[in-house]
Amino acid sequence: MGKFDALLEDEDDIFGGSPVSKYWDIARQTSHDLQEDEFDAMIERMAVMEHMLSETHDYENLDRIIKNHAFANQDHINELKKSLYMELAGQLIFRVSD
């Protein structure tokens, strides 16, 4: 389970929407520069993870490996996605309040 499991037990009551919708609500209210900076940070994180995977798997098979893993672990991946959306929304709020 992710870092924000307690917050997601009844996501509609706590946040007035899903973690995905709340992230986009917050993202739409931030500056374009902040959105670009946070997107770049996500891409960097993905590049690092892809590089780490490539140390044990060849690049040509990464997409297939990722899709197969996502399919085999759908419930866990969906919970992690919710947690990541909440983490990213928190980062946006933190950066706006600086």
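Further up the page is the structure itself.
## A few points about the layout of surface pockets
Line of reasoning, step 1. Of the volumes computed, that of the largest pocket is approximately 1000 Å³.
Line of reasoning, step 2. For the largest pocket, the lining is made up of 25 residues, of which Met-46, Met-49, Ile-77, Lys-81 and Leu-84 are closest to its centre.
Line of reasoning, step 3. Mapped by element, the contributors of at least two residues to the lining of the largest pocket are helix 2 (19-28), helix 3 (32-54), helix 4 (59-72) and helix 5 (74-97).
Line of reasoning, step 4. Examining the composition of the lining of the largest pocket, we find that ten residues originate from one element, helix 3, more than from any other.
Line of reasoning, step 5. In terms of residue class, the lining of the largest pocket is built from 17 nonpolar, three polar and five charged.

## Re the pattern of salt bridges
Line of reasoning, step 1. Taken as a whole and judged by the stated rule, the model has seven salt bridges.
Line of reasoning, step 2. Measuring nitrogen to oxygen at the nearest pair gives 3.5 Å for the salt bridge that ties Glu-79 to Lys-82. Within this pair, Glu-79 and its partner Lys-82 are both found in helix 5, separated by three residues, close to a single helical turn.
Line of reasoning, step 3. Classification of Glu-79 by relative accessible area gives partly exposed; the value is 24%.
Line of reasoning, step 4. Of the residues examined, Lys-82 reaches a relative accessible area of 25% and is grouped as partly exposed.
Line of reasoning, step 5. Ionic contacts of the salt-bridge type, sharing partners, join the residues Lys-22, Asp-25 and Arg-28 into one network.

Analysis parameters
Residues numbered from 1 in each chain as written. Predicted model: local features only at pLDDT ≥ 70, side-chain atom pairs only at ≥ 80, totals over all residues. Heavy atoms only, no water. 1 Å grid on protein atoms, 1.4 Å probe; cavity = no way out; pocket = protein on both sides within 12 Å on 5 of 7 lines; lining within 4 Å. Points joined across faces, edges and corners; volume = space filled by probe spheres on them. Helix = DSSP H or I, 4+ residues; strand = E, 2+ residues; numbered from the N terminus. Nonpolar A, V, L, I, M, F, W, Y, C, P; charged D, E, K, R; others polar. Salt bridge = Lys/Arg side-chain N within 4 Å of Asp/Glu carboxyl O. Buried < 20%, exposed > 50% of the residue type's maximum accessible area, 1.4 Å probe, protein only.

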